[in-house]
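Each chain is listed here by its residues.
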Amino acid sequence: MSLPSETELSNQMPWVEGATRVFGVIAHPVDHVRAPMVFNPRFAAAGLPHIMVPINAPPEKLEIIINGLRAIPNFGGLAVTIPHKMPLADLCDSLGTAAQLTGAVNAVRFDDDGKMHGDNFDGAGFVAGAVGNGYDVAGKAILLIGAGGAARAIAAALIEAKIGKLTIANRSLGKAEEFASLLADKTGFADVHAAALVDCDGSDADMIINSTSLGLKRGDALPLALDAVRADTVIADIIMVPAETEWLAAAQKAGLRVHYGRHMLDYQIDLIGKFIGAL
């Protein structure tokens, strides 16, 4: 088998040289991240001297790693995913409006002086992805599983998109109640409710969204049993790898419409890329 030529390689990936500007996607673990597979072909197609790499940051070492990245002159910024969206917001020097509301970031950029600015595009990406794939969330009853950083961004965007009702279900009822109260205070949206996940069956939801990490690993518990779900309910996940989680596979088998996690990233690529200076 012959090796690909330099020309063939350069058509497949960004060409790395001394002037290359580096971007990253930070997570733990990093096996599931999809951002490099999306951004690097964009860089290559546009002839940009950029590359995006995965950065595996154990939570206990996050601040050390971020301080190192701040000090690298040719490091531009990061896409941010589980479990760093909320802890990284606390390390930012400034936050955009969505990040302030959610307390979480999914993109940060570094200034020449090392200052770090963060914002959150998850919610806008999720809603745009749903609409772009033929599902308008306006007026719908949404069941959102989880109360972490991604859930906060998605909830804020859903409210902005004028949904009818939002129920936040979490293993910890207290955390769900705190989140629901924050949303009501910050947005003025009255029809937001909290529930313990164990008490939810999804029977009154038009769309159910898993915003937790359940499904990243084979054998994870399903976020929610689908026995009581209506036939017209849309089952959505934000996990990107695997593309079809066991929960989505179960939904497909039950004849339910599914919405994949990749859409959330696909519909916010330009937003994140411009914010971190990559596109």
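Conventions adopted
- Residues numbered from 1 in each chain as written.
- Predicted model: local features only at pLDDT ≥ 70, side-chain atom pairs only at ≥ 80, totals over all residues.
- Heavy atoms only, no water.
- Helix = DSSP H or I, 4+ residues; strand = E, 2+ residues; numbered from the N terminus.
- Buried < 20%, exposed > 50% of the residue type's maximum accessible area, 1.4 Å probe, protein only.
- Phe/Tyr/Trp six-rings, centres within 6.5 Å; stacked < 30°, edge-to-face > 60°.
- Lys NZ or Arg CZ within 6 Å of the ring centre and 35° of its normal.
- Polar contact = N/O pair within 3.5 Å; in protein donor to acceptor, adjacent residues only side chain to side chain.
- Contact = heavy atoms within 4.5 Å.

### Digging into unusual backbone geometry
Right, so step 1: Of the consecutive residues H28 and P29, the connecting peptide bond is found in the cis state with omega at -5°.
Right, so step 2: Relative to the helices and strands, P29 is located in the loop between β1 (21-27) and α2 (35-46).
Right, so step 3: Positive phi outside glycine occurs at K162, with the angle close to 65°.
Right, so step 4: Inspection of the secondary structure assignment puts K162 in the loop between α7 (149-160) and β8 (165-170).
Right, so step 5: According to the relative accessible area criterion, K162 is exposed, its value standing at 63%.

### Let's talk about the packing of aromatic side chains
Right, so step 1: The tally for this structure, following the rule as stated, stands at four aromatic pairs.
Right, so step 2: Through a chain of ring-to-ring contacts, the aromatic side chains of F23, F39 and F43 assemble into a single cluster.
Right, so step 3: In this structure, K140 is placed above the aromatic ring of Y135, and the distance from its NZ or CZ to the ring centre is 5.3 Å.
Right, so step 4: Here the basic side chain of R152 rests over the ring of F179, its NZ or CZ set 5.5 Å away from the ring centre.

### Focus on the side chain of H263
Right, so step 1: Structurally, the position occupied by H263 is in helix α10 (residues 262-266).
Right, so step 2: Overall, H263 belongs to the buried group, its relative accessible area being 10%.
Right, so step 3: Looking at H263, its side chain comes within polar contact range of the side chain of N133, at 3.4 Å.
Right, so step 4: Excluding residues within four positions of it along the chain, H263 makes contact with G125, G129 and N133.

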